[in-house]
Amino acid sequence: MAVICTALLLQGCSSNSENGQAMRGQQPPPAVEAVQAQFGSLPLEERLSGTVRSGNQIAIYPRISAPVEEVFVENGEAVEAGDPLVRLEDRDYRERLQQAEASLRIAEAQARQAEVRLNELQSQLRRQRTLAERDLISASELESIEAQVAGAEADYDLAQAQVDQAQSTINERETELSRTVIRSPITGVVGVRNVEVGMQVDTGSRLFTVGDVTQSKVLVSLTESMLRYIQTGQTAKIFSESLGDSVIYGEVSRISPFLQEGSFSTQAEIDVPNSEGDLLPGMFVTVDIMYGESEQATLVPISAIYRHPRTGIEGIYTAPGFGSEMEPVTEVDSGDPPPLSEPTELEFKPVQVIAKGRESAGVVGVNSGDWILTVGQSLMVGRQENVARIRAVTWDRILSMQRAQPQDLLRQVLEEQEMARAQN
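Residues numbered from 1 in each chain as written. Predicted model: local features only at pLDDT ≥ 70, side-chain atom pairs only at ≥ 80, totals over all residues. Heavy atoms only, no water.

Visitor: Honestly, the packing of helix H3 (residues 91-133) against helix H4 (residues 139-178) in this entry has me stumped. Any pointers?
Guide: A pair of packed helices is characterised by two quantities: the angle between their axes and the separation of those axes. Contact pair H3 / H4: the axes reach a minimum separation of 7 Å and the direction vectors enclose 165°. By the angle between their axes, H3 is roughly antiparallel relative to H4. Where H3 crosses over H4, the handedness of that crossing is left-handed. Taken together, the residues that form the contact of H3 with H4 break down as 21 nonpolar, 10 polar and 13 charged. (Axes fitted to C-alpha atoms, helices over the stretch in contact; angles between N-to-C directions. Helix = DSSP H or I, 4+ residues; strand = E, 2+ residues; numbered from the N terminus. Parallel < 35°, antiparallel > 145°, perpendicular 65-115°, else oblique. Left-handed = near helix turned anticlockwise from the far one by under 90°. Nonpolar A, V, L, I, M, F, W, Y, C, P; charged D, E, K, R; others polar.)

Visitor: Any chance you could explain the sheet that holds strand S15 (residues 297-301) here in plain terms?
Guide: Each strand in a sheet pairs with another by means of backbone hydrogen bonds, the pair being arranged parallel or else antiparallel. On the basis of which strands lie adjacent, the open sheet formed by four strands has the order S2-S15-S21-S20 and antiparallel pairing. In the strand order of this sheet, the two ends are held by strand S2 (38-40) and strand S20 (352-356), each with one partner. Ignoring which end each strand starts from, the neighbouring axes of this sheet average 45° apart. Sheet topology note: the S20/strand S21 (residues 360-364) ladder contains four bridges and is antiparallel. Across the sheet, the residue bridging to Ala 355 is Gly 362, located in S21. (Pairing = 2+ DSSP bridges.)

Visitor: When you look at the sheet that holds strand S7 (residues 181-183) in this model, what are you seeing that I'm missing?
Guide: As summarised here, the arrangement of the four strands in space is S7-S6-S4-S9, forming an open sheet in which the pairing is antiparallel. Strand pairing shows two members of the sheet lacking a second neighbour, S7 and strand S9 (200-201), which therefore form its edges. Bridge analysis of strand S4 (residues 66-71) against S9 gives two bridges, and the strand direction is antiparallel. Bridged to Ala 66 within S9 is Val 201.

Visitor: Just to check I follow, could you spell out the confidence of the model for the protein for this structure?
Guide: Per-chain confidence: the protein averages 86 in pLDDT, with 88% of residues scoring 70 or above. Taken together, the stretch residues 1-9 has pLDDT below 50 and engages in 22 contacts with residues farther than four places along the chain or on a different chain. Within the model, the stretch residues 11-24 combines pLDDT values under 50 with 11 contacts to residues more than four positions away or in other chains. (pLDDT = per-residue confidence, 0-100. Contact = heavy atoms within 4.5 Å.)

Visitor: Whenever I open this one, the side chain of Arg 397 confuses me. Can you help?
Guide: If you trace the backbone, Arg 397 turns up in helix H5 (residues 395-403). Judged by relative accessible area, which is 13%, Arg 397 ranks as buried. At a separation of 2.9 Å, a polar atom in the side chain of Arg 397 contacts the side chain of Glu 33. Once residues lying within four places of it in the same chain are set aside, the contact partners of Arg 397 are Glu 33, Val 329, Thr 330 and Val 332. (Buried < 20%, exposed > 50% of the residue type's maximum accessible area, 1.4 Å probe, protein only. Polar contact = N/O pair within 3.5 Å; in protein donor to acceptor, adjacent residues only side chain to side chain.)

Here's what the structure looks like:
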């Protein structure tokens, strides 16, 4: 679709010079574009879909259940680690703390009583042992007081354990009370606010998302077979419709070694600096991971490969007689287009694709340095002679056209036609 629209654009640019021939019943040579084939290695890449997350992105949940009394931040606000985000109603938790403090005081009083009782019995035991040494009391009397001391020691240990338990309950109640103020665990930006004053929240209520938007990571899924050639450290190109023509580069930072059951896929992460804020958390992006190069071969743009509608043969139109007398252009101004060559004979050569990338392919059948058609091949079908007028263009132009969306090219064609009608 993109190539057809561009061919229409080329025809519109050259229509003034060809109208006279058409009126005389002659079929003018079509206008086409051509680039020179190159020799080199074809980058190997794997195209994947990815999702953007901010650095250290986390969801904020309360750890207790209570109504919301106050919300301190709004979407888009920057926060530091420890800053308060939400305050919950704390009356019930303060009462629980007061009850725990009262229980501690009771336990401490009981422990003091047990200690006094133990000290008293230990004093009696010392006196009884002195009397027993003088044979002033019987052995059974001494054993009785020793048993009372052992019981008092057990009572004292129990009382001390109850004090420790009461203190532990206080610590627990203080922790619960502190959780009525929900604080940011990290430094970042607040978003996805889902909390209002008066709401009843619990541990399953998602209140905010907080993340460091100056650092992003892109998550992509890898199949089991991809793990054979995709590794950490490989370059990744990230692009999206919302980014326009911009391409963001990163590296594969981490790959999980565990395959998910059922899908038999795993997740890779690509760390990307995001100081300009181009990548938004949750954005859907396309990712090309560069994992190597093919063997060296003649390289051509993908758009140069044409399947002839009559024969079904896949090949490329070449221009053997086209020289380098014309400087290749990157931009074509419809008001003042670059010149076309004189009618030049073309030759359709079958090719074999030995490696194929996203924008170019390695082929056998044409040579490095050959001028090859990249736009306008369909205009040659049905003609008695393979003759066309050629405009030499750069690789940058044709690769840019290949990346363009069909609707963008169609819009450009319609604008050119409207300008031509206005001039006439």
